[in-house]
Amino acid sequence: MGTFKIEGGHQLKGDITPQGAKNEALQILCAVLLTPETVTIDNIPDIVDVNKLIKLLSNLGVEVKKLAPNKYSFKAENINLNYLESEAFKVEGRGLRGSIMIVGPLLARFGKGYIPKPGGDKIGRRRLDTHFEGFIKLGASFRYNREDYFYGVEAKELKGTYMLLDEASVTGTANIVMAAVLAKGKTTIYNAACEPYLQQLCKMLNRMGAKISGVGSNLLTIEGVKALSGTDHRMLPDMIEIGSWIGLAAMTKSELTIKNVSWDDLGVIPNVFRKIGITVERNGDDIYIPEHKDGYEIQSYIDDSILTIADAPWPGFTPDLLSIVLTVLIQARGSAIVHQKMFESRLFFVDKLIDMGAKIILCDPHRATIIGHDFKSQLKATTMTSPDIRAGVSLLIAALSAKGTSTIHNIEQIDRGYENIDGRLRAIGAKIERL
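Scope of this entry: the structure provided in the associated data block.

Cut-offs used in this document
- Residues numbered from 1 in each chain as written.
- Predicted model: local features only at pLDDT ≥ 70, side-chain atom pairs only at ≥ 80, totals over all residues.
- Heavy atoms only, no water.
- Axes fitted to C-alpha atoms, helices over the stretch in contact; angles between N-to-C directions.
- Helix = DSSP H or I, 4+ residues; strand = E, 2+ residues; numbered from the N terminus.
- Parallel < 35°, antiparallel > 145°, perpendicular 65-115°, else oblique.
- Left-handed = near helix turned anticlockwise from the far one by under 90°.
- Contact = heavy atoms within 4.5 Å.
- Nonpolar A, V, L, I, M, F, W, Y, C, P; charged D, E, K, R; others polar.
- Salt bridge = Lys/Arg side-chain N within 4 Å of Asp/Glu carboxyl O.
- Buried < 20%, exposed > 50% of the residue type's maximum accessible area, 1.4 Å probe, protein only.
- 1 Å grid on protein atoms, 1.4 Å probe; cavity = no way out; pocket = protein on both sides within 12 Å on 5 of 7 lines; lining within 4 Å.
- Points joined across faces, edges and corners; volume = space filled by probe spheres on them.
- Pairing = 2+ DSSP bridges.

**Quick look at the packing of helix α1 (residues 22–31) against helix α6 (residues 170–180)**
Direction vectors running N to C along α1 and α6 enclose 15°, while the axes themselves pass 11 Å from each other. Judged by the inter-axis angle, α1 sits roughly parallel to α6. Both α1 and α6 take part in a crossing whose hand is right-handed. Contacts between α1 and α6 involve Q27, C30 and A31 from the first element and V170, A174 and M178 from the second. Counted by class, the contact of α1 with α6 contains five nonpolar, one polar and no charged residues.

Laid out in structure tokens, this is it:
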């Protein structure tokens, strides 16, 4: 189990460039299975979860070539479907949440797709019903082995249909879209997710020859085609990492420039940070965060009631940034409520922040009230363990702002989502060591 040793209380300064988007990568990489032709993808983040998926694709028979740092080509010409029923696949598939998204492409192109119950963050339940209900509506038969926790779908032919999703699941929508592009006839998906990463997937599929309309809305129409061709694709920067660096700058009173953020794809993220008093300036396609010498003050609603920050499907605020916002609120002027609607275990890391001196009341598994210190009291260093990717980075931000030297164990969780995070932080002045 790896460990970070962090000497807190230092101001940072300089430029930092976000990695490619993890959540986009998990979709885009699975889409290479839809064609026997070469797909070249640039700006792939060099992180644990993505590298696991690339290895899984290689074991499945995809020809993978590394062309440059963060750039690969994939050719899924000779797929070994027998691998799907091997013990090795059951082990590898369980270790990665994103592995569920190979099912749609495999079902569409080869008529069958299998997956063990995927693992991933321990942040609460993440149902797979949306994925498989969509496949069934397209004409697939479903089976589930309860002893092995192994799912399967099979179909001689997928047929387009109308479906109203019971939830706007990003991975569920992506999986169904990838299945529907090769189905016979027209598929209409209502209550579809419309996150920028899903839009990226649809745009890439259209370049490959798919016929998807309504991209960016919650109503997608897909005219099935017989085959898809290869393409080139460049991934967006990771909006979760961008939000993390905004929070880091505020908590450490640092002047930072976040480079090449693709502003138009950030949605409400800059405005949410502005609501808690952080100055977020646009400079071309960069974000500039000035030194917050006098701290930052939480806005109230127009009736002077306490601010509540909650997650919601896009274009609402992403749940992946709520733990970052909660941490940044510790040093704000004023009070706020954070409401995590989607996952019932994601706020349980606040006990570690309370140990550091934060004033947080955990109201229930979904809500926390934060009373800001206004920098009149500094967090104190402590030893802690990262429970998941986003909570781990939140604890890292808290440690960088704290007085003294903190230790964070289980940093493999952080490595699953952030590329060379310690090296990039040292480049802007952070005192962080990987043990």
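**Re the pattern of salt bridges**
Within the structure shown, the criterion is met by 19 salt bridges. Across the salt bridge formed by D320 and R346, the nearest N and O atoms sit 2.6 Å from each other. On the criterion of sequence distance, the pair formed by D320 in the loop between β17 (307–310) and α10 (322–329) and R346 in the loop between β18 (335–339) and α11 (350–355) is long-range, its members being 26 residues apart. Pair check on accessibility: D320 and R346 agree, each one buried. Its salt-bridge partner being D422, residue R426 comes within 3.5 Å of it at the nearest N-O pair.

**Examining empty space enclosed by the protein**
Under the defined criterion, the tally for this structure stands at one cavity of 30 Å³ or more. Volume-wise, the largest cavity comes out at about 30 Å³. As for the largest cavity, its lining consists of Y197, L236, P237, M239, I242, V261, S262, D265 and L266. Class assignment for the residues of the lining of the largest cavity results in seven nonpolar, one polar and one charged.

**Looking at the pairing of strand β20 (residues 367–371)**
Here β18 runs beside β20; their pairing, made up of five bridges, is antiparallel. Paired with S335 across the strands is I371, a residue of β20. Sheet analysis places strand β19 (residues 359–364) next to β20, joined by five bridges and oriented antiparallel. Bridged to I361 within β20 is T369.

**Thoughts on the packing of α1 against helix α2 (residues 48–59)**
Following both chains from N to C, one finds α1 and α2 inclined at 5°, their axes separated by 10 Å at the closest point. Between α1 and α2, the crossing angle belongs to the class labelled roughly parallel. The segment α1 lies against α2, with K22, A25, L26, L29 and C30 engaging D49, V50, L53, I54 and L57. Residues belonging to the contact of α1 with α2 are distributed by class as follows: eight nonpolar, no polar and two charged.

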